Amino acid sequence: MTAVWATFTRELRAYFFSPLAYVVLFFFLVVNGFIFSTIVTALADPRFGGGRPMDFFFGGSIFFWLILLFLTPVLTMRLLSEELRSGSIEVLMTAPVTEGQVVVGKYLASLVFYLFLWLPTVAYAGILAYYSEVDWGPIASGYLGIVGIGALFLAIGLFASAMTRSQLLAAIISFALVMFLFIFGLLEGIVNNETARQVLGYVNLINHMDDFTKGIVDTRRLVYYLSGILFFLFLTSRALEDRKWR
């Protein structure tokens with residue numbers, strides 16, 4: 001636990017002391033603020049037909065998915081690839097710390113920073129509550145969906161970072177993997193086999209967010225995220241172990 005905490009605090013400091021982190025935060029808030037204001041403006045138009053703004057904010061537009069698909073590779077691309085490029089991973093691996101502890105510490109740091117990015121957006125719900133009544137249940141479950149999907153994407157990104165010394169290549173691999181996962185679930189609508197449709201429906205992330213925005217918390221979704229996270233963290237630790245013996 002001490003080794004995990006040391007790795008976690010080291011990486012978390014690296015996030016908050018890095019200029020890139022604040023550039024990411026700035027653009028993240030600007031883009032999300034623009035999306036939210038656009039949604040509210042559109043819903044205020046009687047011709048639009050109305051709706052709940054947070055429903056559209058939580059996965060109801062392509063912009064939400066583009067943010068997730070691009071954000072998570074950026075947050076994870078340097079975590080292990082930079083260590084591999086500089087050679088510091090060899091020093092780290094000779095310390096009294098296991099590959100799993102290194103992976104968990106770095107992953108938790110990326111997850112905390114990811115949550116930090118989304119935290120200011122809670123103010124959007126507060127603004128809506130000031131002017132009208134809001135149902136906090138679907139909002140809370142919507143954020144739960146954001147955490148679950150983001151946590152899975154971060155685990156995939158960390159695995160990609162362990163595969164190469166290049167941060168850019170790590171980001172590309174991570175983006176390709178999360179894009180494949182996203183598109184794979186969309187095949188649900190074009191297959192005829194009922195079993196295949198059920199499987200694809202289970203991994204369809206858009207369906208996941210649709211449920212969360214309605215206030216439906218399906219434990220099968222949470223099991224899917226948790227199992228995916230553990231799987232990719234396991235692959236990452238194995239990749240580091242393989243590099244240690246090369």
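Notes on the structure follow. Owing to the predicted nature of the structure, the values given are computational and were not obtained by experimental measurement.

## Here we look at the overall build of the protein
Alright, step 1. Summing up its helical and strand segments, the protein has 13 helices and 0 strands in all.
Alright, step 2. The C-alpha radius of gyration of the protein comes to 19 Å, within 12% of the 18 Å expected for a compact globule of 246 residues.
Alright, step 3. Its C-alpha atoms give the protein principal-axis dimensions of roughly 65 × 45 × 30 Å.
Alright, step 4. In the protein, which comprises 246 residues, the share counted as buried stands at 46%.

## Some details on the environment of Phe56
Alright, step 1. Looking at where Phe56 falls in the secondary structure, it is placed in helix α3 (residues 53-57).
Alright, step 2. Along the sequence, Phe56 and Thr213 sit 157 residues apart, while their C-alpha atoms lie 8.7 Å from each other.

## Re helix α8 (residues 122-131)
Alright, step 1. For α8, the full list of buried residues reads Tyr124, Ala125 and Leu128. Buried residues along α8 cover an arc of 100 degrees about the axis, so they all sit on one side.
Alright, step 2. The secondary structure elements touched by the buried residues of α8 are α2 (19-44), α3 and α9 (136-161).

## A word on the layout of surface pockets
Alright, step 1. The space that makes up the largest pocket amounts to roughly 270 Å³.
Alright, step 2. What lines the largest pocket is a set of 15 residues, among which Val24, Ile67, Phe70, Leu71 and Val74 lie closest to the centre.
Alright, step 3. Of all the secondary structure elements, the ones that give two or more residues to the lining of the largest pocket are α2, α4 (62-76) and α10 (167-186).
Alright, step 4. It is α4 that provides the largest number of residues to the lining of the largest pocket, a total of 7 residues.
Alright, step 5. For the lining of the largest pocket, the class distribution of residues is 15 nonpolar, no polar and no charged.

## Some words on the pattern of salt bridges
Alright, step 1. With the rule as written, the count across this model stands at 5 salt bridges.
Alright, step 2. Across the pair Glu11 and Lys106 runs a salt bridge whose closest N-O atoms are separated by 2.5 Å. Within this pair, whereas Glu11 is found in helix α1 (residues 2-16), its partner Lys106 is found in helix α7 (residues 99-118), the two being separated by 95 residues in sequence.
Alright, step 3. Under the relative-accessibility criterion, Glu11 is labelled buried at 3%.

## Quick look at the packing of helix α11 (residues 194-203) against helix α12 (residues 205-213)
Alright, step 1. Relative orientation of the contacting elements α11 and α12 amounts to 60 degrees, with a least axis distance of 5 Å. Judged by the angle between their axes, α11 and α12 are oblique. Two secondary-structure elements touch here, α11 through Gly201, Tyr202 and Val203 and α12 through Leu205, Asn207 and His208.
Alright, step 2. Broken down by class, the residue content of the contact of α11 with α12 amounts to 3 nonpolar, 3 polar and no charged.

## Focus: the packing of aromatic side chains
Alright, step 1. Applying the stated criterion across every chain yields a total of 25 aromatic pairs.
Alright, step 2. Counting every residue linked through ring pairs, the aromatic cluster contains Phe28, Phe36, Phe57, Phe58, Phe64, Trp65, Tyr114, Trp118, Tyr124, Tyr143 and Phe182.
Alright, step 3. Positioned above the aromatic ring of Tyr15 is the side chain of Arg78, whose terminal nitrogen or guanidinium carbon lies 5.0 Å from the ring centre.

## A closer look at the side chain of Thr7
Alright, step 1. On the secondary structure map, Thr7 appears in helix α1.
Alright, step 2. Excluding residues that lie within four positions of it along the chain, Thr7 makes contacts with Gln101, Val102, Gly105 and Lys106.

Conventions used here
- Residues numbered from 1 in each chain as written.
- Predicted model: local features only at pLDDT ≥ 70, side-chain atom pairs only at ≥ 80, totals over all residues.
- Heavy atoms only, no water.
- Helix = DSSP H or I, 4+ residues; strand = E, 2+ residues; numbered from the N terminus.
- Rg over C-alpha atoms; globule rule 2.2 N^0.38 Å.
- Buried < 20%, exposed > 50% of the residue type's maximum accessible area, 1.4 Å probe, protein only.
- Arc of directions from axis to C-beta.
- Contact = heavy atoms within 4.5 Å.
- 1 Å grid on protein atoms, 1.4 Å probe; cavity = no way out; pocket = protein on both sides within 12 Å on 5 of 7 lines; lining within 4 Å.
- Points joined across faces, edges and corners; volume = space filled by probe spheres on them.
- Nonpolar A, V, L, I, M, F, W, Y, C, P; charged D, E, K, R; others polar.
- Salt bridge = Lys/Arg side-chain N within 4 Å of Asp/Glu carboxyl O.
- Axes fitted to C-alpha atoms, helices over the stretch in contact; angles between N-to-C directions.
- Parallel < 35°, antiparallel > 145°, perpendicular 65-115°, else oblique.
- Phe/Tyr/Trp six-rings, centres within 6.5 Å; stacked < 30°, edge-to-face > 60°.
- Lys NZ or Arg CZ within 6 Å of the ring centre and 35° of its normal.

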